[in-house]
Amino acid sequence: MAKQQGSGSPSYLTPDEMKELIKSRNKNLPLSEKLEEKINLQVSSPTLKNFTPKDIKQYLDGYVISQERAKKDIAVAVAYHYKHIDCLVNNPGTPIKKNNVLMIGPTGVGKTYMLEKISQLIDVPLLVVDCSKLTKSGYIGNSVNDMLIDLFAKTNGDIETAEKSIIYLDEIDKIRTQNSYGQRDIAGQDVQVELLKIIEGAEVPIEVGKKKIMFNTKGVLFIAGGAFPELENIIKKRKNIKKEIGFGKEQTVSKTGELFREITTEDLVNYGLLPEFIGRLPVITALSELKQEDLENILKNSQESILKHYEAELAGYSIKIKFTDEAIREIAKMAYGKGIGARGLTTICENFLMELKYELPSTNIKNVVVTEELFRNPQKYLEDLNQKND
Ligand SMILES: Nc1ncnc2c1ncn2[C@@H]1O[C@H](COP(=O)(O)OP(=O)(O)OP(=O)(O)O)[C@@H](O)[C@H]1O
Ligand SMILES: [Mg+2]
């Protein structure tokens, strides 16, 4: 594992170097030799990362469209988390408040994506854990300790790096203390209780082969995320009740994202999270549903837009494919109708492009402009093509 060399103080990246790094990661450009070398010296030690929240947000902007508030919240949480680790390394006794985050937002709007991109930027491992599969230790299923073993394996047994990684607790809304009918869910509650300790930061023994080693979770950043399907109604209900008994006036909140910004601990407890559990996730951020314009924007502007992916694929057969604005609008409209966020874009594009991807490499067509008409009826385009070839 590469370590920082020399015994001097950490050589942080200068603002210009930071800009170069972000630009290169956003645009897939190679780094200058000097910067490459400097980063290599720092790479395995996240404590030496000096990203400001703005750097992280700016980098995310290249990939994650919309979700401005969530990008800021996550950028702040991540940047300061690594500052806290610096403190811990330099002054082991420092009392540290962890910036663990709870992300609330519907499916396919960028929760996991945002974290994947951050973990690539700051070069720390990201472990995504499906909480719906977690069970209390001793029961069949994945236990809470298994996630630490997975992290240890992911870092090839490098405990120092594993102890500074990010764990994304996906589907956190599936471990509830009660179901939607108000009946107790002991299994969900047990898992929450087991998670408390490691989220807070504790020395946990893990078994690796025949060895037992201690895994300290103090430096691990926990980000929990889920769709919380009934939460919107819980918040609305609370707000209305307060209005009736005269505590406040009703506000017309149309967007779910905005409504979620008014979330209280009480709402989350009513949903089925333990107060102690919520207390360990002090940053709560909401992601909004992606509108049709956002989906259009993703296709046009995200660095990893699926259209760029198709352009690159077909370029492998020396075929240039371009999409008109009208076709992009149509794709976004259909994807929006599916109600599965940006995931709808992939489904729609795959369906539409399958035949073209199959046929085009065997023709002598080298330029395809996907118009709205072609998008609506690719079959006709291919038939016309075959007729021309006959
Ligand atoms: N805001 C966004 N900007 C750009 N691309 C996005 C955005 N949201 C989602 N995507 C694309 O859609 C894919 C799926 O999104 P993601 O995995 O982040 O969903 P999620 O919010 O975690 O949903 P779920 O709750 O179902 O896990 C991403 O890999 C990415 O390609
Ligand atoms: Mg996800």
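## Looking at the overall build of the chain
Helix and strand content of the chain: 18 helices and nine strands. The buried share among the 390 residues of the chain stands at 45%. For the chain, restricting intrachain contacts to residue pairs at least 6 apart in sequence, the fraction spanning at least 24 positions comes to 72%. Here the chain displays about 20,300 Å² of accessible surface, and carbon together with sulfur accounts for 50% of that area.

## Structural notes on the pairing of strand 8 (residues 320-323)
Each regular strand shows side chains that alternate between the opposite faces of the sheet. With burial as the criterion, only one face of strand 8 is covered, namely that bearing Ile321 and Phe323; the residues Lys320 and Lys322 on the opposite face remain uncovered. Across four bridges, strand 8 lies against strand 9 (residues 367-370) in parallel orientation. Pairing of Lys322 across the sheet is with Val369, part of strand 9.

## Examining the sheet that holds strand 6 (residues 221-226)
An order of 2-3-6-1-7 is seen for the five strands of this open sheet, with the pairing classed as parallel. The open sheet terminates on both sides in strands that have one partner only, identified here as strand 2 (126-130) and strand 7 (283-286). The sheet shows a mean angle of 20 degrees between the axes of neighbouring strands, taken without regard to direction. Most of the contacts of helix 5 (residues 111-122) go to strand 3 (residues 166-170), to which it runs at about 170 degrees, and overall it touches strand 1 (101-104), strand 2, strand 3 and strand 6.

## Comments concerning the site of ligand 1
The environment of ligand 1 is formed by 15 residues, the closest being Ile65, Thr107, Gly108, Lys111 and Thr112. Here Ile65 contributes a backbone N or O atom positioned 2.9 Å from a nitrogen atom of ligand 1. With respect to ligand 1, the side chain of Thr112 contributes an N or O atom lying 2.7 Å from an oxygen atom. Bound to the protein, ligand 1 loses 81% of the 630 Å² it would expose on its own. Looking at which element gives the most residues to the shell around ligand 1, the answer is helix 5, with three residues. Residue-level mapping places the shell around ligand 1 at the junction of two domains, with at least three residues from each of domain 1 (67-286) and domain 2 (292-389).

## Overview of helix 8 (residues 186-200)
Here helix 8 contains 15 residues, and its C-alpha end-to-end distance of 22 Å stays within 8% of the 21 Å for a straight helix at 1.5 Å per residue. Listed as buried for helix 8 are Gly188, Val191, Gln192, Leu195, Leu196, Ile198 and Ile199. Buried residues belonging to helix 8 abut helix 6 (144-154), strand 3, strand 4 (203-208), strand 6 and helix 12 (275-279). The N-cap residue of helix 8 is Asp185: its side-chain oxygen and the backbone nitrogen of Ala187 are 3.1 Å apart. Where helix 8 terminates, the next one or two residues include Gly201, which has phi positive at roughly 120 degrees.

## Considerations on the packing of helix 6 against helix 8
Relative to each other, helix 6 and helix 8 sit at 45 degrees, their axes nearing to 9 Å. One element, helix 6, and the other, helix 8, form an angle in the oblique class. Mapping the contact onto sequence places Val144, Met147 and Leu148 in helix 6 and Val191, Glu194, Leu195 and Ile198 in helix 8. Tallied by class, the residues present in the contact of helix 6 with helix 8 amount to six nonpolar, no polar and one charged.

## Points about helix 5
The terminal C-alpha atoms of helix 5 lie 17 Å apart, and with 12 residues this matches the ideal 16 Å at 1.5 Å per residue to within 8%. Buried residues of helix 5: Lys111, Met114, Leu115, Lys117, Ile118, Ser119, Leu121 and Ile122, and no others. Two residues or fewer after helix 5 comes Asp123, characterised by a positive phi angle close to 60 degrees.

## Some thoughts on the pattern of salt bridges
If you walk through the whole model with that rule in mind, you get 21 salt bridges. Linking Arg69 and Asp73 is a salt bridge whose minimum nitrogen-to-oxygen distance equals 3.3 Å. With a gap of four residues between them, Arg69 and Asp73 both fall in helix 4 (residues 68-90), about one helical turn apart. A residue is classified by how much of its surface remains accessible, and Arg69, at 44% relative accessible area, is partly exposed. For the salt bridge of Arg376 with Glu330, the shortest nitrogen-to-oxygen distance reads 2.8 Å. Here Glu330 lies in helix 15 (residues 325-338) and Arg376 lies in helix 17 (residues 372-376), a separation of 46 residues in the sequence. On the basis of relative accessibility, which here comes to 11%, the residue Glu330 falls in the buried class. When salt bridges that share partners are traced, they join Lys57, Asp61, Glu68 and Lys71 into one network.

## With respect to unusual backbone geometry
The backbone phi angle of Asn156 is positive, close to 55 degrees, even though this residue is not glycine. Residue position: Asn156 is located in the loop between helix 6 and helix 7 (159-162). Its relative accessible area of 73% is what places Asn156 among the exposed residues. Positive phi, close to 55 degrees, is recorded for Ser318, a residue that is not glycine. Here Ser318 is to be found in the loop between helix 14 (306-315) and strand 8.

## Regarding the packing of helix 4 against helix 5
Contact geometry of helix 4 with helix 5 gives a least axis separation of 12 Å together with a crossing angle of 35 degrees. Relative to helix 5, the crossing made by helix 4 is right-handed. For the pair formed by helix 4 and helix 5, the contact residues are Ala70, Lys71, Ile74, Val78 and Tyr82 on the first element and Met114, Leu115, Ile118 and Ile122 on the second. Residue composition of the contact of helix 4 with helix 5, grouped by class: eight nonpolar, no polar and one charged.

Calculation rules
Residues numbered from 1 in each chain as written. Chains lettered and ligands numbered in written order. Predicted model: local features only at pLDDT ≥ 70, side-chain atom pairs only at ≥ 80, totals over all residues. Heavy atoms only, no water. Helix = DSSP H or I, 4+ residues; strand = E, 2+ residues; numbered from the N terminus. Buried < 20%, exposed > 50% of the residue type's maximum accessible area, 1.4 Å probe, protein only. Contact = heavy atoms within 4.5 Å. Areas by Shrake-Rupley, 256 points an atom, 1.4 Å probe, with all protein chains shown as cover. Pairing = 2+ DSSP bridges. Axes fitted to C-alpha atoms, helices over the stretch in contact; angles between N-to-C directions. Near = heavy atom within 4 Å. Polar contact = N/O pair within 3.5 Å; in protein donor to acceptor, adjacent residues only side chain to side chain. Domains from an automatic or database assignment. Expected span 1.5 Å × (residues − 1). Parallel < 35°, antiparallel > 145°, perpendicular 65-115°, else oblique. Nonpolar A, V, L, I, M, F, W, Y, C, P; charged D, E, K, R; others polar. Salt bridge = Lys/Arg side-chain N within 4 Å of Asp/Glu carboxyl O. Left-handed = near helix turned anticlockwise from the far one by under 90°.

Treat this as a map of the structure, not an account of what it does.
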